[in-house]
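Remarks on the overall topology
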Amino acid sequence: MRLRAFAAALLLLAAPAARAEDGYDLWLRYKPVEASAKGAYAARAAAIAPASDTPTMKVARAELERGLTGLVGKPASAAAGTRDGVILLGAASDPAVAKLNLPLKSLGEDGYLIRTLPVNGKATTVIAANRDIGVLYGVFRYLELIQTRQPVASLDLASAPKVKLRMLNHWDNLNRTVERGYSGQSIFDWWKLPDHVDPRMVDYARANASLGINGAVLNNVNAKADSLTAPFIDKAAALADTFRPYGIKVYLSARFSAPIEIGGLKTADPLDPAVRAFWKAKADEIYKEIPDFGGFLVKANSEGQPGPQDYGRTHVDGANMLAQAVGPHGGVVIWRAFVYSHEQPDDRAKQGYTEFKAFDGQFADNVVIQVKNGAIDFQPREPFHPLFGAMPKSNIGMEFQITKEYLGFATHLVYLGPLFEETLKADTMVKGKGSTVAKVVDGQLDGRKLTVMAGVANIGSDRNWSGSQFDQANWYVFGRLAWDPEADTRAIARDWAKMTFTNDERFVKPAVDMMMGSREAAVDYMTPLGLHHQMGEGHHYGPGPWVSGGPRADWTSVYYAKAGPDGIGFDRTPTGSDATSQYAPPVGACFADLKCVDEKDLLWFHHLPWDYRLNSGDTLWDGMVKHYSRGVSYVDGMNRTWASLAPYVDAPRHAEVADFLKIQRNEAQWWRDASIAWFQTFSKRPLPAGEKPPEKSLEYYQGLKFRFAPGNGL
Ligand code: BDP
């Protein structure tokens, strides 16, 4: 007995200092570097010399100190150049940096440079930028190098973001519910603001700054006018004060009818002088409290939200009116192109383009049109939105959804890097080969300067922020792509996995492989071969391919699948809705041509008979069934992989992920079985050999109700 206790004590001593992990620290855990590598890093980080004492520089210094203390041991304070191993932090205007004559010009407002060079004869690592915020970004990068065990002895690197506004859009309501939120309540505690600012707001800002995110829209696009009243402006100002040192500006979603609701006017007509005066005064009021307020995000004339069309005016009238109000203060208006109307009989996929394309060149300079990645609505897979590349005389921004409304909520492990990358790498061909969506978004293609990448946040009050450990990777990859839309999402996943879990390659390789295939697996078990919008009604949880009726056809699954005895799929070729003609001719022609279109998008663009032959030689029906099953098998594989990774992960996080993977396994099976049961009523064909029939009857699946599914309450 005594011997056993002794052995256990020894084991404890040998184990790395293990604090229970809950995911709160995200990718900023700063755990000690293993002894064999520590010395080399510590030698380079003996002391920190900040060149100035501004709020952002203080934050940069504190972060560096915190990171180094955790990773390699507490650095000393030192005047630059008094000893080897100094890290010198400074902006271009700081004399200690200015005299080094570094090539900072090309780094723009937010870029940074990290260089090892002798200062006063001593080896020094200089982290320099044009502005303080760039220095903070450089500090995070430097820490990342150590966190991911890159050499730091002789550095010469520079990085500048390709996109100007890198933003999170929070769909958070003022009562702390979150539309399509699966990670608890809103992190913004409006009720206690402005007198109490939760310390978590600082960690939120740190995490965003570590990725270069520089804007946050605080409230839901389905906005309440209350958010523009004086008490809420005060609350937003308290958040803005907290975020400012981290380079994050706050924005508000503006309800277009606010002049009526809080301004006492009878109309919100954008050409009415009283309405224009209301918005101007409102902007002045906000800027008095928040001098660096970012601007307004607007969802207008979409899904029942008010907008200029209610008064016979256009999106241009509405957007430019607001632009005029915030323009003198340096603000922007981000106007969403997610518009479609049930009075409009045309294919919903066409409506955004139809409404906006003709206005190219008419929007004010400080207006950005924010376009969702695809033309329907954040589906597991969509071809890129035809507005990318179609409005060269306008600022066109990207909107991705980080929260997994259509991808299994927080309990499905789906790494969104490949989804984002697929869209960004898609070639619009508007100016010949290589006219990628990424080049539209970062402004290269049309020489635009006011560029935006927005992500609908997946952040909530859960300890782990995102509802699951692996959903943190989606916040992370979004931020990294907003900095560089051409970045490689496998490399990003590797960085994330190393910082979030461990550098042990026995963990990193299998974990990243698992992540990289996870999105395709979700496509397979939910909506293979270009199917889309087949989920449960309202809450969007689970399969609902039978959803029909209700207020509008384009909210139903049957509208999108068009399954019948003759086949399945939405004909968007010239014989159908002709949505393909909204793309540049070579792209549209390819989508419309069965010999050219990628099979991944087949049923998005084509209605095909059940016996249509796929590339594999399978009939469409057999191939569909196999895709569903392949998705389920992949999740089986993820369960096995994760079980084998237990030795490398702390027990609490391992157990949480393992539980969620079991949920995902069951739900993938449910998606497969319910979808097959439904579509078989049309295909009337047997399942291919070896495929198991659905576990339950179609009626069983159709009878499932989820009145309290998360993310649905307003
Ligand atoms: C849809 C969501 C809905 C949002 C809408 C939007 O279901 O909750 O309000 O997008 O983006 O996907 O405005």
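Residues numbered from 1 in each chain as written. Predicted model: local features only at pLDDT ≥ 70, side-chain atom pairs only at ≥ 80, totals over all residues. Heavy atoms only, no water.

The cut-off we apply is this: UniProt positions are given in the numbering used here, feature names are shortened, and annotations may be inferred rather than shown by experiment.
Looking at an unreviewed UniProt entry, one finds the protein named Xylan alpha-1,2-glucuronidase and attributed to Caulobacter segnis. UniProt's Sequence similarities (unreviewed entry) comment on the protein is quoted here verbatim: "Belongs to the glycosyl hydrolase 67 family."

**A look at the site of the ligand**
This is how the line gets drawn: We call a residue near a molecule or strand as soon as one heavy atom of that residue lies within 4 Å of the molecule or strand. The definition of a polar contact used here is a pair of N or O atoms within 3.5 Å, where within protein one atom must be able to donate a hydrogen and the other to accept one, and adjacent residues in sequence count solely through side-chain atom pairs. For accessible areas, the Shrake-Rupley method is used with a probe of radius 1.4 Å. Any residue's cover is judged against the shown protein chains and nothing else.
Residues in close proximity to the ligand total 14 residues, the closest being Glu179, Lys299, Arg336, Asp377 and Glu405. Arginine 336 places a polar side-chain atom, nitrogen or oxygen, 2.6 Å from an oxygen atom of the ligand. Here lysine 372 contributes a side-chain N or O atom positioned 2.7 Å from an oxygen atom of the ligand. Against a free-state accessible area of 320 Å², the protein chains account for coverage of 96% of the ligand.

**What to know about the pairing of strand β12 (residues 367–372)**
Worth spelling out the cut-off: With a 1.4 Å probe rolled over the protein chains alone, any residue whose accessible area is under 20% of its type maximum counts as buried; one over 50% counts as exposed, and the rest are partly exposed. Helix and strand labels come from DSSP, where a helix needs a run of H or I of at least four residues and a strand needs a run of E of at least two; each type is numbered from the N terminus. By definition, two strands form a pair when at least two bridges between them are found by DSSP.
With 6 of 6 residues buried, β12 is to be regarded as a mostly interior element. Of the pairings in the sheet, the one linking strand β11 (residues 332–336) to β12 comprises 4 bridges and is parallel in character. Pairing of isoleucine 334 across the sheet is with valine 368, part of β12. In terms of strand pairing, β12 meets strand β13 (residues 395–401) through 5 bridges, oriented parallel. Directly across from isoleucine 369, in β13, lies its bridge partner isoleucine 396.

**Some remarks on the environment of threonine 575**
Considering the arrangement of structural elements, one finds threonine 575 in the loop between α17 (557–561) and α18 (585–592). Spatially, the C-alpha atoms of threonine 575 and alanine 592 are 9.3 Å apart, while their sequence positions differ by 17 residues. Side chain to side chain, threonine 575 and aspartate 571 meet in a polar contact 2.7 Å long. Separated by 2.8 Å, the side chains of threonine 575 and threonine 573 make a polar contact.

**Focus: the domain arrangement of the protein**
Note on interface size: it is often stated as the accessible area lost on association of the parts. For clarity, the threshold we go by: What fixes the domain bounds is an automatic or database domain assignment. The criterion used for residue contact is that any of the two residues' heavy atoms lie within 4.5 Å. The term buried area refers to how much accessible surface (probe radius 1.4 Å) is lost by two components on association, counted for both of them together. A side-chain nitrogen of Lys or Arg and a carboxyl oxygen of Asp or Glu constitute a salt bridge if their distance falls within 4 Å. Charged means Asp, Glu, Lys or Arg here, nonpolar means Ala, Val, Leu, Ile, Met, Phe, Trp, Tyr, Cys or Pro, and polar covers whatever is left, Gly included.
Split by domain assignment, the protein resolves into domain 1 (31–158), domain 2 (165–500) and domain 3 (524–570 + 607–703). Here the C-alpha centre of domain 3 lies 31 Å away from the C-alpha centre of domain 2. Contact residues are listed per partner, giving 28 residues for domain 2 and 26 residues for domain 3. Between domain 2 and domain 3 lies a buried interface of about 2,200 Å² when both sides are counted; carbon and sulfur atoms form 56% of it. The largest share of the area that domain 2 buries against domain 3 comes from Thr411, His412 and Gln469, three residues that together contribute 24% of it. Counting the contacts that link domain 2 with domain 3 gives 0 salt bridges. The interface formed by domain 2 and domain 3 holds 14 residue pairs in polar contact (both at pLDDT 80 or more) in total. When grouped by side-chain class, the residues that make up the side of domain 2 that touches domain 3 number 10 nonpolar, 12 polar and 6 charged.

**Observations concerning the sheet that holds β11**
Note the threshold: Axis angles are defined between N-to-C directions and span 0 to 180 degrees, where every axis is a line fitted to C-alpha atoms and, for a helix, only to the segment in contact.
Taken in spatial order, the 8 strands close into a barrel running β7-β8-β9-β10-β11-β12-β13-β14, and their pairing is parallel. Neighbouring strand axes in the sheet, compared pairwise and without regard to direction, differ in orientation by 25° on average. Alignment of strand β9 (residues 249–253) against strand β10 (residues 295–298), held across 3 bridges, turns out to be parallel. Bridge pairing in β10 places serine 253 opposite leucine 297.

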